[in-house]
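# A structural walkthrough
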Amino acid sequence: MATTKVDPKLNEGDIAKTAKTYQGLTSQQLIDAYRIMFTSRRVDDREILLKRQQKVFFQISGAGHEAVGVAAAFVLKPGYDWFYPYYRDRALCLALGATPYEMLLGAVGAADDPSSGGRQMPSHWAFKRLNVVTQSSATGTQILQAVGCAEAGRYLAQHPNAARKAEGDYRQFKDVQFQGDEITYVSLGDGTTSGGEFWEALNTASNRRLPVIFCVEDNQYAISVPVEVQTSGGNISRLVSGFPNFHFEEIDGTEPVVAYAAFKRAADYCRAGHGPGFVHAHVIRPYSHSLSDDERLYRPDAERQADAARDPVHRLQLFLLREGILDEKGINKIEKEIDEQMQADTDRALEAAVPQPETIYNFVYSPDLDPTSAPFETHAAIAAPETATDGKRSADSQNASPQNANPENVSPQNINAPNKATQNKTMADLINATLRDEMRRDERVILFGEDVADASREEYLKQKLIKGKGGVFKLTSGLQLEFGSDRVFNSPLAEANIVGRATGMATRGLKPVVEIQFFDYIWPAMMQLRDELPIMRWRSNNAFSAPVVVRVAIGGYLTGGAIYHSQCGESIFTHTPGLRVVFPSNALDAAGLLRTAIRCDDPVLFLEHKRLYRETYGRAPYPGPDYMVPFGKAKIVQPGTGLTVITYGAVVPRALQAAQKLEREHQVSVELIDLRSLNPFDWDAIAASVKKTNRALVAYEDSLSWGYGAEIAARIADQLFHRLDAPVKRIAATDTFVAYQPILENAILPQASDLFRAMKELAEF
Ligand SMILES: Cc1ncc(C[n+]2csc(CCOP(=O)(O)OP(=O)(O)O)c2C)c(N)n1
Ligand SMILES: [Mg+2]
């Protein structure tokens, strides 16, 4: 507990020097608690004043929640334990060691605001030195991240070598620390318990007996919605009481001594490794939800007065007086000193430098490691084919899924023709081999997702009763067998769980490579993928980052995949600053790009086309354990002069087939560009080609309107207008979902024949 800022001289003569303790709290600690709680309330009041004076732009108060925050901070250790506080945890942060001045820097949006450098609203806490992890405004996203944080602590304790730094990849830039018995604290409001991620987090923490303390600060309202509307029966403790392995506390959270004792019991339980704790603290919200809310519209006076009678700051003051710990003079002295300091801090904060507009692009991506740079461009080693799949349980030796049994296989001839059939491996093989080699190289790499383990009941594997699964497409086959169940394991069937936990783990320095089984089911993780993972670094002004790799099986052309096994939608993610998005079309690129994804320092969405997993097109020998393809570098699949086709993914072989036909039948030579990497993308390659051919077709598998190609087409029109001899054309799927019946699927997705027609039209324009 970091309360040593209290000047001991101040209280001289005012403190009854009694040895009496209160649930273990000394009288000095109670005085410290009062100082912090009073300070917290004063910062709120000052910010509210500044907001009314239009000197700050938003205010969120922690009023009424002070006692529980101080109690938690007195039990836990800053810089040792980990903290995912929500916006009402001002007193917690002060008690951990944050200062009122730092908070006021946040309120004015100063460049030196330690939480975000003026990027986030005030009260979105992040204090790197204290292990207070950057928080967002989305009410429940922190909970699964806290679970991942706790898992990382446990993993590092069991794999201490993983914490070591290493040169040449993301590890060089990540300080990793662990204690072995650290606790992760996460807090939330009563309304936030309604979100699914809350329940997913409780489930995983319970199931894995993780050292997480969940603190529900129940002020009975979520803005204007009362607790009985959120929570069946009106009491969250009752609903969660069935989770095994938990230590539960339900307390009056306006009483610091009571809250301290509850946290102490919960923390002892967690530190001993028994499992998670749950502290349900009944608190009050004496100020409205925020300055934009007037609670008198939905709370009658009597109810508000009843709350006011439980004000934790007043309660502690009365307690100190009653117990003779401080007299009125002592209280006044403390309050006066805090008020004077507040004025000085406010004056300073109002003078603080503001961030400059030219800094807005700082920390969208890692400033340390650029995955488009030369070190990520390596050459394929000549490798024996066995290296690729490590023997008998190779990924391609097994029949993966019905979706791969597609008789309508589009396989252009003379492309990547194998020298020796045995040497060429599928994309599935090379992804598997790359994962294996990266896991051998880097103990921080862990894999989880739905069905990715060989078998969760590992005794079956040990007894050799089964062969194991290793992913519905077998991409992770054999990895649990080699690396163990703590590095390769199944997640619950819950996509937010996968991405949220991975984000928490990566914040601690691990490198989770997680799998989303089908792109069509990525949406439960959307909040984590849009509002959290890609923006940890930017919103914390580079204090935190989460360079996770999310592998996603994507795309159609499956013959029977239908609506929910065929979707694309990559543009939704390329539209998210901070997220790298790659989409290989062949085995070699998949290996090279995946290795870059794992070694780089940014979060990556790695899109794997299901139809390409075992395609004849694009097979290659394993390029060795250091082969990398840099991001943002397109591949010229074939050079040409008549027109440019810009595409990626499963459209590449289809476009190639069409281009070959066009050349054969109409002598038009097509320059075919495979973008490979969608964010960043290779504008230089596109521009150079269009300047040469003066004609451009953008082709993509997703539905036409608002798709990825719209941006490329717009840029060409904008920047190369004077070089064009024809309008920029697009070929893509219809603006529908993909249907089951193959006749419909063929009509919906862009076919080689559609591409041929468009290329011909463009050439003839
Ligand atoms: C996912 C999400 N939905 C809606 C909001 C808007 N919002 C902000 S705070 C809040 C109420 C939160 O209530 P509760 O969890 O009880 O916390 P309290 O503010 O009462 O402390 C809402 C609806 C949000 N920030 N995030
Ligand atoms: Mg509430």
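Residues numbered from 1 in each chain as written. Chains lettered and ligands numbered in written order. Predicted model: local features only at pLDDT ≥ 70, side-chain atom pairs only at ≥ 80, totals over all residues. Heavy atoms only, no water.

### Quick word on the state of the cysteines
A complete count under the given rule lists zero disulfides for this structure. Looking at the unpaired Cys215, the closest cysteine sulfur is the one in Cys270, lying at 12 Å. Judged by relative accessible area, which is 0%, Cys215 ranks as buried. (Disulfide = S-S within 2.5 Å. Buried < 20%, exposed > 50% of the residue type's maximum accessible area, 1.4 Å probe, protein only.)

### Structural notes on the layout of surface pockets
Size it by volume and the largest pocket reaches roughly 710 Å³. Lining the largest pocket are 27 residues; nearest its centre among them are Thr574, His575, Thr576, Pro577 and Asn679. Elements with a contribution of two residues or more to the lining of the largest pocket: α18 (526-532), α20 (570-574), β17 (677-679) and α24 (708-719). In terms of residue class, the lining of the largest pocket is built from 15 nonpolar, seven polar and five charged. (1 Å grid on protein atoms, 1.4 Å probe; cavity = no way out; pocket = protein on both sides within 12 Å on 5 of 7 lines; lining within 4 Å. Points joined across faces, edges and corners; volume = space filled by probe spheres on them. Helix = DSSP H or I, 4+ residues; strand = E, 2+ residues; numbered from the N terminus. Nonpolar A, V, L, I, M, F, W, Y, C, P; charged D, E, K, R; others polar.)

### Quick notes on the sheet that holds strand β9 (residues 488-490)
The seven strands are arranged β9-β8-β10-β11-β13-β12-β17 in an open sheet whose pairing can be described as mixed. Two strands in the sheet have a free side with no partner beyond their single neighbour: β9 and β17. The sheet shows a mean angle of 20° between the axes of neighbouring strands, direction not considered. On top of the sheet, helix α14 (residues 427-441) reaches β8 (445-449), β9, β10 (511-516), β11 (549-554) and β13 (604-609); it is set at about 135° to β8, its chief contact. Each of β8, β9 and β10 is contacted by helix α17 (residues 495-507), which is oriented at about 170° to β10, the strand it contacts most. (Pairing = 2+ DSSP bridges. Axes fitted to C-alpha atoms, helices over the stretch in contact; angles between N-to-C directions. Contact = heavy atoms within 4.5 Å.)

### Quick look at the environment of Asp368
The topology assignment puts Asp368 in the loop between α12 (328-351) and α13 (385-389). It is 43 Å that separates the C-alpha atoms of Asp368 and Arg285, two residues lying 83 residues apart in sequence.

### Observations concerning the nonpolar core
Core analysis: the largest hydrophobic core is formed by 86 residues, its most contacted members being Phe214, Leu675 and Ile716. Broken down by element, this core gets its largest block of residues, nine residues, from helix α5 (residues 141-158). Sequence-distant contacts of Phe214, that is, excluding residues within four places in its chain, are made with Ile143, Val147, Val186, Ala201, Leu202, Ala205, Phe246, Pro276, Gly277, Phe278 and Val279. Met427, Val668, Ala699 and Phe756 belong to the second largest nonpolar core, which has 69 residues in total. (Core = buried A, V, L, I, M, F, W, Y, C linked by side-chain atoms within 4.5 Å.)

### Structural notes on the pairing of β11
For β11, the buried fraction is high: six of the six residues fall into the buried class. Alternating residues of β11 divide into Val549, Arg551 and Ala553 and Val550, Val552 and Ile554, and every residue in both groups is buried. Alignment of β10 against β11, held across four bridges, turns out to be parallel. Pairing of Ile516 across the sheet is with Val552, part of β11.

### Some words on the site of ligand 1
Taken together, 17 residues lie near ligand 1, and Tyr86, Tyr87, Ser137, Thr192 and Tyr221 sit nearest. In this structure, Tyr221 approaches ligand 1 through a main-chain N or O atom, which is 2.7 Å from an oxygen atom. Measuring from an oxygen atom of ligand 1, one finds a side-chain N or O atom of His289 at 3.5 Å. Taken by itself ligand 1 offers 580 Å² of open surface, and the protein chains cover 71% of this. When grouped by side-chain class, the residues that make up the shell around ligand 1 number seven nonpolar, eight polar and two charged. (Near = heavy atom within 4 Å. Polar contact = N/O pair within 3.5 Å; in protein donor to acceptor, adjacent residues only side chain to side chain. Areas by Shrake-Rupley, 256 points an atom, 1.4 Å probe, with all protein chains shown as cover.)

### Re the side chain of Asp307
For Asp307, the position within the fold is in helix α10 (residues 301-308). In terms of polar contacts, Asp307 uses its side chain to reach the side chain of Arg299, at 3.0 Å. Those residues in contact with Asp307 that sit more than four places away from it in its chain are Ile284, Arg285 and Arg299.

### What about the packing of aromatic side chains?
Within this structure, the stated rule accounts for 24 aromatic pairs. Centre to centre, the rings of Phe83 and Tyr185 are 6.1 Å apart; their planes meet at 45°, and the pair counts as tilted. Residue Phe83 is found in strand β1 (residues 82-84), and its partner Tyr185 is found in strand β2 (residues 184-189); the two are separated by 102 residues along the sequence. The pair Phe83 / Tyr185 is uniform in exposure class, with both members buried. Feature note: the residues Phe198, Trp199, Phe214, Phe243, Phe246, Phe248 and Phe278 constitute an aromatic cluster, connected by ring pairs. Taking NZ or CZ as reference, Arg208 lies 4.5 Å from the ring centre of Phe489, over its face. (Phe/Tyr/Trp six-rings, centres within 6.5 Å; stacked < 30°, edge-to-face > 60°. Lys NZ or Arg CZ within 6 Å of the ring centre and 35° of its normal.)

### Points about α17
If you check α17, its first and last C-alpha atoms are 19 Å apart, about what 13 residues at 1.5 Å a residue would give, namely 18 Å. Phi for Gly509, located one or two positions after α17, is positive at around 110°. (Expected span 1.5 Å × (residues − 1).)

### A closer look at the confidence of the model for the chain
In regions of low pLDDT, the predicted coordinates are not meant to be interpreted in detail. This prediction gives the chain a mean pLDDT of 93; 92% of its residues lie at or above 70. Counting interchain partners and residues more than four positions distant, the pLDDT-below-50 stretch residues 1-14 has 34 contacts. (pLDDT = per-residue confidence, 0-100.)

### Looking at the sheet that holds strand β3 (residues 212-218)
If you trace the five strands from one edge of the open sheet to the other, you get β1-β2-β3-β7-β6, paired in parallel fashion. Because the sheet does not close on itself, it has two edges, and the strands there are β1 and β6 (247-252). The mean angle between the axes of side-by-side strands here comes to 15°, regardless of whether they run parallel or antiparallel. Where α5 meets the sheet, its contacts fall on β1, β2 and β3, and the angle it forms with β2 comes to roughly 170°. On top of the sheet, helix α9 (residues 256-271) reaches β2, β3, β6 and β7 (277-282); it is set at about 170° to β6, its chief contact.

### Observations regarding a nonpolar patch on the surface
Taken together, the side chains of Tyr460, Leu465 and Ile466 present a nonpolar region at the surface, about 270 Å² in accessible area. As for its placement among the helices and strands, Tyr460 is situated in helix α15 (residues 458-462). (Patch = residues over 30% accessible without salt bridge, like charges linked within 9 Å, V, L, I, M, F, W, Y side chains within 5 Å. Salt bridge = Lys/Arg side-chain N within 4 Å of Asp/Glu carboxyl O.)

### A word on empty space enclosed by the protein
It is a probe the size of a water molecule, rolled over the atoms, that shows where empty space is left. For the coordinates displayed, the defined rule picks out four cavities of 30 Å³ or more. As for the largest cavity, its lining consists of 15 residues, and the residues nearest its centre are Tyr86, Gln135, Ser136, Ala138 and Gln142. The element contributing the most residues to the lining of the largest cavity is α5, with three residues. Looking at the lining of the largest cavity residue by residue, the class counts come to four nonpolar, nine polar and two charged. Of the pockets and cavities examined, the second largest cavity occupies roughly 80 Å³. Considering the residues around the second largest cavity, the lining is formed by 15 residues, among which Gly106, Asp113, Ser115, Ser123 and Trp125 are closest to the centre.

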